[in-house]
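Summary of structural features
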Amino acid sequence: MVNFDSVIDRHGTGSLKWDKYLNEDIIPMWVADMDFQAPQPVLTAIKDQVDFGILGYHLPPKELVELICTRLFDRYNWTVDPSWIILLPGLVCGINLACRSCGHQNSKIITLTPIYPPFLSAPSYSERKLITIPMQNINQHWTIPLDDLENNISEDCKLFLLCNPQNPTGRVFNKKELTEISSFCLKHDLVLCSDEIHCDLVYSGNKHIPIASLNTDIENRTITLMSPSKTFNIPGLGCSFAIIPNRSLRSQFCNIKKGIVPEINTLGYTAGLACYKHGASWVNELMEYLTKNRDFVIEKFNNEINGTSLNKIEATYLAWIDIRNLNIKNTYEFFYQHGVGISDGVNFGKSGFFRLNFGCPKSILEKGIDRVKYAIESI
Ligand SMILES: Cc1ncc(COP(=O)(O)O)c(C=O)c1O
């Protein structure tokens, strides 16, 4: 049994999450990084590599690519050819490469908001224009407004950026929704880039479907992005991959990457391989723990803390909390002044909300939520 209750002091370790607030009494509940050690077999594999002592250039392990293919078939009945897989040192890098691979200067990219902030910045980095379509909260359920998509699409739009499971709302889009997105992309001749980094962190009652696995038409125009980094809490090792079945799209993507994007580092390969080989039981235990944290968060915000609400969280360790009723001017600053470091909804394209990371031991979560509650009661 893994002890997810164990609190490990990360202060002063160079942690982005914790050392943002070094020497301050702030509980960090922002960046998507969990306060849990990676699975023991992964740590052992890294230690063995370090003990060997030579950390030279590494060939992409064939076994990693084979494991990815087997995993995609076993979980989703999706047959992926090893040649379709492009290993990458980060998912955000994959999003940016996708933007540069499609269209031309000033062509458009469409996405749904609220959304993980790099989706909002990548198009401009690539000199593309972004069309944002706000999702609708209908009966406490974030839904895709198909009419708005249709009404805002234009001929010079070449790429749909999708996040599924969705960060920050925690939605897992179902087969009907994915089919609708897929039809929309086919109708408007869009390439689809689907960021599925949270696909293993899905709660019971929901099922992740890689959109590219729906049918060969959509498979043929999709860049799927995945990684063991969120699942096994190794985001600092930068081990990710793209799956691009279409040969010409794949070669465009690879050409843009040439000479600029480095290979995955040696320890990243080692860890990624160990995750997919030996990490399954750890993830099962993690999901049991996260389910309890999730239920605790939902209960607190929907029933105990006045003026806040959140929808069902179907995946991820992130809660997207509605505080519009509270009329807080600067959400980040407000919670910071009360000792909690959250992610302000403004950065996801939606004000009046904040994102809270509950991937931490329950005792830290309780302390953080107590501070949030106290802050709100003090209004
Ligand atoms: C949806 C999504 N994509 C990508 C990333 C980051 O990926 P990477 O660190 O591999 O660039 C995150 C991290 O929070 C994420 O939530």
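Residues numbered from 1 in each chain as written. Predicted model: local features only at pLDDT ≥ 70, side-chain atom pairs only at ≥ 80, totals over all residues.

Let's talk about the sheet that holds strand S11 (residues 318–322)
We count it as follows: Here, a strand pair is defined by DSSP locating no fewer than two bridges between the strands. By definition, any uninterrupted DSSP run of H or I lasting at least four residues is a helix, any uninterrupted run of E lasting at least two residues is a strand, and each is numbered from the N terminus.
Strand order in this open sheet of three strands is S11-S14-S13, and the pairing throughout is antiparallel. Whereas interior strands pair on both sides, the edge strands pair on one side only; in this sheet they are S11 and strand S13 (343–344). Pairing of S13 with strand S14 (residues 353–357) involves two bridges; the strand directions are antiparallel. The partner of Asp344 across the bridge, within S14, is Phe354.

A word on the environment of Gly341
Keep this limit in mind: Whether two residues are in contact depends on their C-beta atoms, placed from the backbone: they are in contact if these lie within 7 Å.
Following the sequence through the fold, Gly341 ends up in strand S12 (residues 340–341). Sequence separation of Gly341 and Lys17 is 324 residues, and the distance between their C-alpha atoms is 9.0 Å. The contacts of Gly341, once residues within four sequence positions are left out, are Lys20, Tyr21, Ile26, Ile27, Pro28, Met29, Trp30 and Tyr336.

As for the domain arrangement of the protein chain
Size of an interface: often given as the accessible area lost when the parts come together. Selection rule: Where each domain begins and ends follows an automated or database-derived domain assignment.
According to the domain assignment, the protein chain contains domain 1 (16–40 + 280–377) and domain 2 (62–278). Here domain 1 and domain 2 have C-alpha centroids that lie 25 Å from each other. In this assembly, 24 residues from domain 1 lie in contact with 31 residues from domain 2. For the side of domain 1 that touches domain 2, the secondary-structure elements that each account for two or more residues are helix H11 (280–304), S11 and S14. A per-element tally of the side of domain 1 that touches domain 2 places H11 first, with three residues.

Observations concerning the sheet that holds strand S8 (residues 191–195)
Through backbone hydrogen bonds, the strands of a sheet pair up, either in parallel or in antiparallel fashion. Put simply, the test is: Axis angles are defined between N-to-C directions and span 0 to 180 degrees, where every axis is a line fitted to C-alpha atoms and, for a helix, only to the segment in contact.
The mixed open sheet is built from seven strands, whose spatial order is S2-S10-S9-S8-S7-S3-S4. Two strands close off the open sheet at either side, each with one partner strand: strand S2 (85–88) and strand S4 (129–134). If you compare each strand with its neighbour and ignore which way they point, the axes differ by 20° on average. Relative to S4, strand S3 (residues 108–113) runs parallel, the two being bridged by six bridges. Bridge pairing in S4 places Ile110 opposite Ile131.

A word on the packing of helix H2 (residues 40–52) against helix H10 (residues 266–278)
To keep things clear, this is the line we draw: Crossings are sorted by hand: turned counterclockwise from the far helix by less than a right angle, the near helix makes the crossing left-handed, and turned clockwise it makes it right-handed. When residues are sorted by character, Ala, Val, Leu, Ile, Met, Phe, Trp, Tyr, Cys and Pro go into the nonpolar class, Asp, Glu, Lys and Arg into the charged class, and all the rest, Gly among them, into the polar class.
Where H2 meets H10, the axes come as close as 8 Å, and the angle between the chain directions of the two elements is 145°. For the pair H2 and H10, the sense of crossing is right-handed. Across the interface between the two elements, Pro41, Val42, Ala45, Ile46 and Gln49 of H2 pack against Thr266, Leu267, Thr270, Ala271, Ala274, Cys275 and His278 of H10. Of the residues that constitute the contact of H2 with H10, the class distribution is eight nonpolar, four polar and no charged.

Considering the pairing of S8
Let me state the cut-off plainly: Residue burial here comes from a neighbour count, namely the number of other C-beta atoms, placed from the backbone, that lie within 10 Å of the residue's own C-beta, with 20 or more meaning buried, 12 or fewer meaning exposed, and in between meaning partly exposed. Orienting the strands away from the viewer, one traces the path from the first strand over the helix to the second; a clockwise path indicates a right-handed crossover.
Within S8, five of the five residues are buried, which leaves the element mostly enclosed by the surrounding structure. Residues Val191, Cys193 and Asp195 line one face of S8 and the alternating positions Leu192 and Ser194 line the opposite face, and both faces are buried. In this sheet, S8 lies alongside strand S7 (residues 157–163) in parallel orientation, the contact comprising five bridges. Its bridge partner lying in S8, Leu161 is registered against Cys193. A crossover connection joins S7 to the parallel S8 through helix H7 (residues 175–187); in handedness this β-α-β unit is right-handed. In the sheet, S8 pairs with strand S9 (residues 222–226) via four bridges, with the strands oriented parallel.

With respect to the environment of Leu192
With respect to the helices, strands and loops of the structure, Leu192 is situated in strand S8. In contact with Leu192, not counting residues within four places along its chain, are Phe160, Leu162, Cys185, Ile211, Ile218, Arg221 and Thr222.

Here we look at helix H4 (residues 91–101)
The buried fraction of H4 amounts to 10 of the 11 residues, a majority that puts the element mostly inside the structure. All of the buried residues along H4 are Leu91, Val92, Cys93, Gly94, Ile95, Asn96, Leu97, Ala98, Cys99 and Ser101. Phi turns positive, to about 75°, at Gly103, one or two residues after H4.

Comments concerning the packing of H4 against helix H5 (residues 118–125)
Where we set the bar: Every angle not falling under 35 degrees, over 145, or within 65 to 115 is termed oblique; those three ranges are roughly parallel, roughly antiparallel and roughly perpendicular.
Packing of H4 against H5 brings their axes to within 9 Å, and their N-to-C directions diverge by 40°. With respect to H5, the axis of H4 lies oblique. Crossing geometry of H4 relative to H5 is assigned as right-handed. In this structure, H4 contributes Val92, Ile95, Asn96 and Cys99 to the contact, and H5 contributes Pro118, Phe119, Ala122, Pro123 and Tyr125.

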